[in-house]
Amino acid sequence: MKISRRKLLLGVGAAGVLAGGAAVVPMIRREGRFETTKSRVPAVAGTEGALPKSADAVVIGAGLQGIMTAINLTERGMNVVICEKGVVGGEQSGRAYSQIISYKTSPEIFPLHHYGKILWNGMNEKIGADTSFRVQGRVEVPSSEEDLEISREWIRKTAENPGFDTPLRTRMIEGDELAQRLAGAQTPWKIAGFEEDSGSLDPEVVTPTMANYAKSLGIRIYTNCAVRGIETAGGKISDVVTEKGSIKTSNVVLTGGIWSRLFMGNLGIDVPTLNVYLSQQRITGVPGAPKGNVHLPNGIHFREQADGTYAVAPRIFTSSIVKDSFLLGPRFMHLLQGGELPLEFSIGKDLFNSFTMATSWQLDEKTPFEEFRTATNTPNTEHLDGVLERLRKEFPVFKESKVVERWGGTVSPTDDEIPIISKIEQYPGLVINTATGWGMTESPASGQLTADLLMDTKPVIDPHPYRLSRFTE
C-alpha cells in the first residue's frame with residue numbers, strides 16, 4: 001500500500017485495514033515500536049533552582065518550535081519560561097531529516113516554508129553561531145510525466161507571487177547541469193526540479209545551538225519538568241501546573257509535538273492527529289560523492305550534512321495501529337490511495353500500550369509525560385538497509401561509505417497535512433503550535449506567527465489555514 005508524501009503517510013486507516021480483512025501476520029512482524037530512548041542532541045544544561053513564581057509567558061516543550069517561539073516572544077519584551085518534560089530537543093527536533101525546502105508544498109503551507117528559508121538564511125549571522133545551516137541546491141526527479149507537468153505548473157504558478165519580497169528560485173534542469181548535480185548516477189536521468197535556495201540543517205546541531213542562544217537572551221529552560229496542565233480564573237489562564245510546582249501566567253504556548261493531542265485531550269480539546277514512524281541514518285562521506293540534496297523516484301533520498309556526512313532516509317513510513325487509529329480512522333480514510341512513497345501498518349506492543357496509557361488525570365497526579373521523558377520509535381533496519389543498497393547501486397561511490405548511526409523518529413500530522421498554529425477559544429491566552437511534518441523548515445516562521453497570535457499583533461502570515469477550529473466547522 002502506498003500513499004503520497006504530500007498526501008501524508010499517516011498512522012491512519014487502521015480501522016479500514018482491519019475491516020477490509022488485511023492479513024495481520026506480516027504487519028505484526030514489522031519493525032518499529034514506540035519506547036523510551038536516548039536523545040541524539042548534545043546536552044543543554046537546564047536552568048537550575050526553583051521555578052519562578054510567575055512569567056509573562058510559559059512555553060511547553062523545548063523542541064525547536066518551542067525554542068523559536070520563546071525567542072520571538074523574548075525579542076518583543078516578554079519574560080519567558082520553557083518547561084520541558086525531558087531534555088532539550090530529545091525527540092523529533094533531534095531526529096528530523098532536516099531539509100529546508102518549499103518545493104511543491106501546498107498553498108497553505110508554502111508561506112511558512114518560503115519565509116522559513118529566508119529566516120534561516122540569516123540565522124547564523126543573527127545569533128553569532130553556526131547553526132549548521134547551509135544553502136544547498138535540491139534535485140527532485142519527477143516520478144512520471146504527470147508528476148513532471150504538476151511540477152512545472154507548480155513552479156509557474158508559485159513564481160507569480162511567492163511573497164516576502166523574495167523570488168522563487170526553483171526551476172527545471174536537464175542535460176549537463178543535471179548530470180553534474182547527480183555525478184556518478186547509473187540511471188540517465190533526463191529532467192528534474194531544482195530548488196537552488198533550498199537549505200540543510202543538522203538537527204543534532206541546530207537545536208542545542210538555538211537553545212543556547214535562547215538562554216543567552218535570558219530565557220529560562222527547565223528540563224525534566226513536565227507540565228501537567230493549566231488552571232484558569234475568571235475565564236482566563238492563571239497558572240501552569242508542572243510536576244515541580246506552579247507558575248503564574250496569563251499566556252501559554254503548547255509546542256508539544258506528538259504529545260500535544262494527549263495534553264489537550266485532558267483539557268477537553270480534541271486535536272485530531274495521529275502518529276507515524278520513520279527511520280533515519282547517517283553515513284560517512286566519500287570523495288567524489290554528489291553534493292547537496294537529492295530525491296529520486298527509485299527510492300533514494302540523501303542530504304549532505306555540514307560535517308561532510310550524509311543523511312540517508314528510506315522515506316518509508318509506518319503507521320502503528322493504536323487506539324486512536326480506530327477513533328480517528330474515518331477522518332483519515334481519504335488519504336489511503338496510491339502515491340509516491342510507501343506506508344506500512346504494524347500491529348504489536350503499541351496497540352496494547354495505547355489502551356493502558358492514561359488519557360486523563362488530575363493536576364496532582366503523575367502523567368504519561370513523566371513516564372516517557374524522551375521517547376520515539378525504534379528504527380527499522382530493513383528499511384535502512386534497503387535505501388543504502390539502492391543508494392550504492394545508483395551511485396557506486398557510496399560503496400565505501402560506512403553507517404555512522406541509525407535512529408527512529410515520530411511525527412504526528414493532521415488529515416489535511418496542514419499544521420495547527422492556533423488560539424484556543426475555550427482557553428483565552430493559550431496558543432498551540434503543533435502537527436507539522438516540516439518543523440525544521442517552518443520553525444522560524446511558525447515561531448513568529450505563534451508569537452503574533454499570543455500577543456494579538458498583526459500576523460506575519462495569514463493564520464486562517466492553521467486554525468484548530470477548521471476540524472469542526
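All of the points below concern the structure found in this document. What you see is a predicted model, and the numbers here were worked out from it, not measured in a lab.

Criteria and cut-off values
Positions within a chain are numbered from 1, following the residues in the order the chain's sequence is written. It should be noted that, the model being predicted, local features are given only for residues of pLDDT at least 70 and side-chain atom pairs only at 80 or more, the latter also being counted only at that level, while totals for whole chains, interfaces and linings use all residues. For side-chain calculations, the full set of non-hydrogen atoms in the structure is used, while hydrogens and water are omitted. Salt bridge criterion: a side-chain nitrogen from Lys or Arg within 4 Å of a carboxyl oxygen from Asp or Glu. Strands here mean DSSP runs of E at least two residues long; helices mean DSSP runs of H or I at least four residues long; both are numbered from the N terminus. Three labels apply to residues, based on accessible area from a 1.4 Å probe with only protein chains included: buried if under 20% of the type maximum, exposed if over 50%, partly exposed otherwise in between. Multiplying one less than the number of residues by 1.5 Å gives the expected span of a helix. Under the rule applied, a polar contact is a pair of N or O atoms within 3.5 Å (in protein, one hydrogen donor and one hydrogen acceptor; residues adjacent in sequence only if both atoms are side-chain atoms). We define the nonpolar core as a collection of buried residues of types Ala, Val, Leu, Ile, Met, Phe, Trp, Tyr and Cys that are connected through side-chain atoms lying within 4.5 Å of one another. Only when DSSP finds a minimum of two bridges between them are two strands counted as paired. Axes, fitted as lines to C-alpha atoms, cover a helix only where it is in contact. Angles between the N-to-C directions of the axes lie from 0 to 180 degrees. We call a pair of cysteine sulfur atoms a disulfide when they lie within 2.5 Å. In what follows, roughly perpendicular refers to angles from 65 to 115 degrees, roughly parallel to angles under 35, roughly antiparallel to angles over 145, and oblique to any angle outside these ranges. Helix crossings get a hand from a simple test, with the near helix turned counterclockwise from the far one by less than a right angle marking a left-handed crossing and a clockwise turn marking a right-handed one. Contacts are assigned to residue pairs with any non-hydrogen atoms lying within 4.5 Å of each other. Residue classes follow a fixed rule: Ala, Val, Leu, Ile, Met, Phe, Trp, Tyr, Cys and Pro count as nonpolar, while Asp, Glu, Lys and Arg count as charged, and any other residue, Gly among them, counts as polar.

Thoughts on the pattern of salt bridges
Evaluated as defined, the whole model comprises 30 salt bridges. Taking the shortest distance from any N to any O, the salt bridge between E370 and R228 comes out at 2.8 Å. Taken together, the residues span a long stretch of sequence, with E370 in helix α12 (residues 368-371) and R228 in strand β12 (residues 227-233) at a distance of 142 residues. Since its relative accessible area comes to 9%, E370 is described here as buried.

What about unusual backbone geometry?
The residue S132 is not glycine, and still its phi comes out positive at about 90 degrees. Assignment of secondary structure puts S132 in the loop between α5 (123-127) and β6 (134-135).

Some thoughts on helix α13 (residues 381-394)
With 14 residues, α13 should reach 20 Å at 1.5 Å per residue; the first-to-last C-alpha distance of 20 Å fits that figure. What α13 keeps buried is the set H383, L384, G386, V387, L388, L391 and E394. Measuring from the backbone nitrogen of E382 back to the side-chain oxygen at the start of α13 gives 3.0 Å, which picks out N380 as the cap.

Some details on the nonpolar core
For soluble globular proteins, the rule of thumb is that nonpolar side chains tend to be buried together. Of all hydrophobic cores here, the largest spans 45 residues; its most connected members are I67, I71, L73, I82, W120 and M210. Of all elements in the fold, only β3 (57-60), α3 (64-75), β4 (80-83), α4 (110-121), α5, α8 (203-216) and α14 (439-455) reach the threshold of two or more residues within this core. Within the second largest apolar cluster, 38 residues are counted, among which are F34, I230, A375 and I424.

Looking at the sheet that holds strand β25 (residues 430-434)
What the 6 strands build is an open sheet, ordered β11-β4-β3-β15-β25-β24; its pairing is mixed. Looking at which strands have only one partner, the edges of the open sheet turn out to be β11 (220-222) and β24 (420-423). Averaged over all neighbouring strand pairs, the angle between strand axes comes to 15 degrees, with direction disregarded. Strand direction decides the pairing type here: strand β15 (residues 252-254) and β25, joined by 3 bridges, are parallel. Paired with L254 across the bridge in β25 is I432.

Observations regarding the state of the cysteines
Counted under the stated rule, the structure contains 0 disulfides. Looking at C83, it has no disulfide partner, and the nearest cysteine sulfur is the one in C225, 4.3 Å off. The exposure class of C83 is buried, given its relative accessible area of 2%. Since its relative accessible area comes to 0%, C225 is described here as buried.

Quick look at the packing of α3 against α14
Each packed pair of helices is defined by two parameters, the angle between the axes and the distance between the axes. Close contact between α3 and α14 brings their axes to 8 Å; oriented N to C, the two are set at 45 degrees. By the angle between their directions, the pair α3 and α14 is classed as oblique. In this structure, α3 crosses over α14, and the sense of that crossing is right-handed. Here α3 contributes L64, Q65, M68, T69, N72 and L73 to the contact with α14, which in turn contributes G439, M440, S443, P444, S446, G447, Q448, T450, A451, L454 and M455. Residue classes in the contact of α3 with α14 are distributed as 8 nonpolar, 9 polar and no charged.

Section: the sheet that holds strand β5 (residues 99-100)
The strand order across the open sheet formed by 3 strands is β5-β10-β6, and the pairing between neighbours is antiparallel. Every interior strand has two partners, whereas the edge strands, β5 and β6, have only one. Where β5 meets strand β10 (residues 199-200), 2 bridges bridge the pair, whose relative direction is antiparallel. Pairing of Q99 across the sheet is with S200, part of β10.

Observations regarding α4
Between its terminal C-alpha atoms α4 stretches 17 Å, which fits the 16 Å expected from 12 residues at 1.5 Å a residue. Residues F110, L112, H113, H114, Y115, G116, K117 and W120 constitute the buried set of α4.

Topic: the packing of α4 against α14
Relative to each other, α4 and α14 sit at 95 degrees, their axes nearing to 7 Å. Regarding the angle of α4 to α14, the classification is roughly perpendicular. The segment α4 lies against α14, with L112, H113, Y115, G116, L119 and W120 engaging M440, T441, E442, S443, P444, A445, S446 and Q448. For the contact of α4 with α14, the per-class residue count stands at 7 nonpolar, 6 polar and 1 charged.

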